[in-house]
Amino acid sequence: MYDVIIVGAGPAGLSAAIYSARAGLNTLVAESVFSGGQAATAYEIDNYAGFPKINGTELALKMETHAKDAGAAFAFRPIERAELTGGVKRLHSGGEVLEAKAVILATGGKKRKLGLANESRLTGSGVSYCATCDGGFFRGRTAAVVGGGNSALEDALYLANLCKKVYVIYRRSSFRGFKSIADQVAARENIEVLYCSEVTAVDGDFQVEQITVVNTQDGSQRQLAVDGLFIAIGMEPANEIFGDDLKLDERGFICAGEDCRTNLPGVFAAGDIRTKPLRQVITAAADGAVAAMSAFEYVSGEQR
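Since this is a predicted model, take the numbers as computed values, not measurements.

Conventions we followed
- Residue positions are counted from 1 within each chain, in the order its sequence is given.
- A pLDDT threshold of at least 70 governs which residues receive local features in this predicted model, and a stricter bar of 80 or more applies before side-chain atom pairs are shown or counted, although totals over entire chains, interfaces and linings include all residues.
- The side-chain numbers reported here are obtained from all heavy atoms of the structure, hydrogens and water having been left aside.
- Axis lines are fitted to C-alpha atoms, over the contacting stretch for helices. Their N-to-C directions set the angle, which ranges from 0 to 180 degrees.
- Each helix is a run of H or I in the DSSP string that is no shorter than four residues. Each strand is a run of E no shorter than two, and both are numbered from the N terminus.
- In this scheme the crossing of two helices becomes right-handed for a clockwise turn of the near helix relative to the far one and left-handed for an anticlockwise turn of less than a right angle.
- We call two residues contacting when some pair of their heavy atoms lies within 4.5 Å.
- Under the convention adopted here, Pro, Cys and the residues Ala, Val, Leu, Ile, Met, Phe, Trp and Tyr are nonpolar, Asp, Glu, Lys and Arg are charged, and Gly plus all remaining residues are polar.
- Exposed residues in this analysis have more than 50% of their type's maximum accessible area, buried residues have under 20%, and partly exposed residues fall in between, with area computed by a 1.4 Å probe over protein chains only.
- Note on pairing: two strands pair once DSSP finds at least 2 bridges between them.
- A right-handed crossover is one whose linking path, passing over the helix from the first strand to the second, runs clockwise when the strands point away from the viewer.
- None of His or the chain ends enter the tally, which takes Lys and Arg as positive and Asp and Glu as negative.
- For this document, the term salt bridge refers to a Lys or Arg side-chain nitrogen within 4 Å of an Asp or Glu carboxyl oxygen.
- Only centres within 6.5 Å qualify two rings of Phe, Tyr or Trp (six-membered ring in Trp) as a pair; their planes then separate them into stacked at under 30 degrees, edge-to-face at over 60, and tilted for everything else.
- Criterion for a charge above a ring: Lys NZ or Arg CZ within 6 Å of the ring centre, and within 35 degrees of the ring normal.

A. Spotlight on the packing of helix α4 (residues 150-160) against helix α5 (residues 179-187). For the pair α4 and α5, interaxial distance at closest approach is 10 Å and the crossing angle is 35°. The handedness of the crossing between α4 and α5 comes out as left-handed. Touching Asn-150, Leu-153, Glu-154 and Leu-157 of α4 are Ile-181, Ala-182, Gln-184 and Val-185, all from α5. When its residues are assigned to classes, the contact of α4 with α5 shows 5 nonpolar, 2 polar and 1 charged.

B. Highlighting the environment of Tyr-129. Residue placement: Tyr-129 occurs in the loop between β8 (127-128) and α3 (131-134). Here Tyr-129 falls in the buried class, since its relative accessible area comes to 14%. In this structure the C-alpha to C-alpha distance between Tyr-129 and Ile-233, which are 104 residues apart in sequence, comes to 9.2 Å. Setting aside residues up to four positions removed in sequence, Tyr-129 forms contacts with Lys-111, Arg-112, Lys-113, Glu-119, Thr-123 and Ile-231.

C. View of the sheet that holds strand β10 (residues 165-169). Taken in spatial order, the 5 strands of this open sheet run β8-β15-β9-β10-β11, and their pairing is parallel. Whereas interior strands pair on both sides, the edge strands pair on one side only; in this sheet they are β8 and β11 (191-194). Of the strand pairs in this sheet, β8 and strand β15 (residues 228-231) are connected by 2 bridges, and their pairing is parallel. Looking across to β15, one finds that Ser-128 is bridged to Phe-230. Packed on one face of the sheet, α4 meets β9 (142-146), β10, β11 and β15 and runs near 170° to β9.

D. Here's a closer look at the pairing of β10. Of all the 5 residues making up β10, 4 are buried; the element is thus mostly covered by neighbouring parts of the structure. Relative to β10, β9 runs parallel, the two being bridged by 5 bridges. Note on β10: the bridge partner recorded for Ala-143 is Val-166. Regarding the hand of the β-α-β motif, the stretch spanning β9, α4 and β10 is right-handed. For the segment spanning β10, α5 and β11, crossover handedness is right-handed.

E. Structural view of α4. With 9 of 11 residues buried, α4 lies mostly within the body of the structure. When α4 is considered as a whole, its buried residues turn out to be Asn-150, Ala-152, Leu-153, Asp-155, Ala-156, Leu-157, Tyr-158, Leu-159 and Ala-160. Close packing links the buried residues of α4 with α3, β9, β10, α5, β11 and β15.

F. Here's a closer look at the side chain of Asp-155. Mapping Asp-155 onto the fold places it in helix α4. Buried and without a salt bridge, Asp-155 has Lys-111 as its closest oppositely charged side chain, separated by 5.7 Å.

G. Region of interest: the packing of aromatic side chains. For the structure on display, the rule yields 6 aromatic pairs. Geometrically, the ring pair formed by Phe-268 and Tyr-298 is edge-to-face, given 6.3 Å between the ring centres and 75° between the ring planes. Highlighted residues: Phe-268 in strand β17 (residues 267-269) and Tyr-298 in helix α6 (residues 281-299), separated in sequence by 30 residues. Cluster of aromatic residues (ring-pair linked, three or more members): Tyr-170, Phe-175 and Tyr-195. Sitting over the face of the ring of Phe-74, Lys-68 holds its NZ or CZ atom 5.4 Å from the ring centroid. For Arg-279, the ring lying beneath its charged end belongs to Phe-253, and the centroid distance is 3.8 Å.

Written out as structure tokens, the structure reads:
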């Protein structure tokens, strides 16, 4: 039995692993894909303290190495079901049951979809949710980015280095993202911004060929010939495996305070999966440290 199992190896989970292992807890990190989470797909991170400019994958590998050096074990396997009530927490994975005294949930979020008729069919054939993953396929071609937050703006800048033309389509009249990034988008000659606009259709027989864009102010429509549609409209919590016992907010994020304690004793939530006002790498890492210390207090019987 482990003292603590951390589900998810994004910045929150990796930070939790460092602090948990350094506190002397027998620590396991369970991750279904790769370390770093969404941060690992970022072309460049420029707001993480101490690293003015660093590639997301590089930062993720540094965090993973740090956690391993601290003594945390890693299991790259999916967790299909979790039993979080009671004194012993049980996580089901591929027919095996992993047991722990405490669990830190750090599974982050998943990309929100537009819900268009052909969106799922054309995913992987021009529709993408990760510019740094798939942008290389559109070198010298035309792409559109949907969204107005930092992720969408960063995707547009990344694609502008590869594509001959990039449309940015946003439903509001000004971006939500940081002004510094929005200014860079405005300065790129091959980026065209369509404010107060929404994508209502994506079409193509075998791959994306065009999208339909509607102006939300006057109702006018236009068809844009594009080869790729990159969707960056936010995240949804990845919490479907944790059952019905956890208290969630109205958007489905886990209710947990600044101590990262949930309504279930011995269960903690860190990072993007938790109700919080700002979801960034630095706030996720901070959550991980706090969650680990709360878990240490719980396991050692020093819970306040």
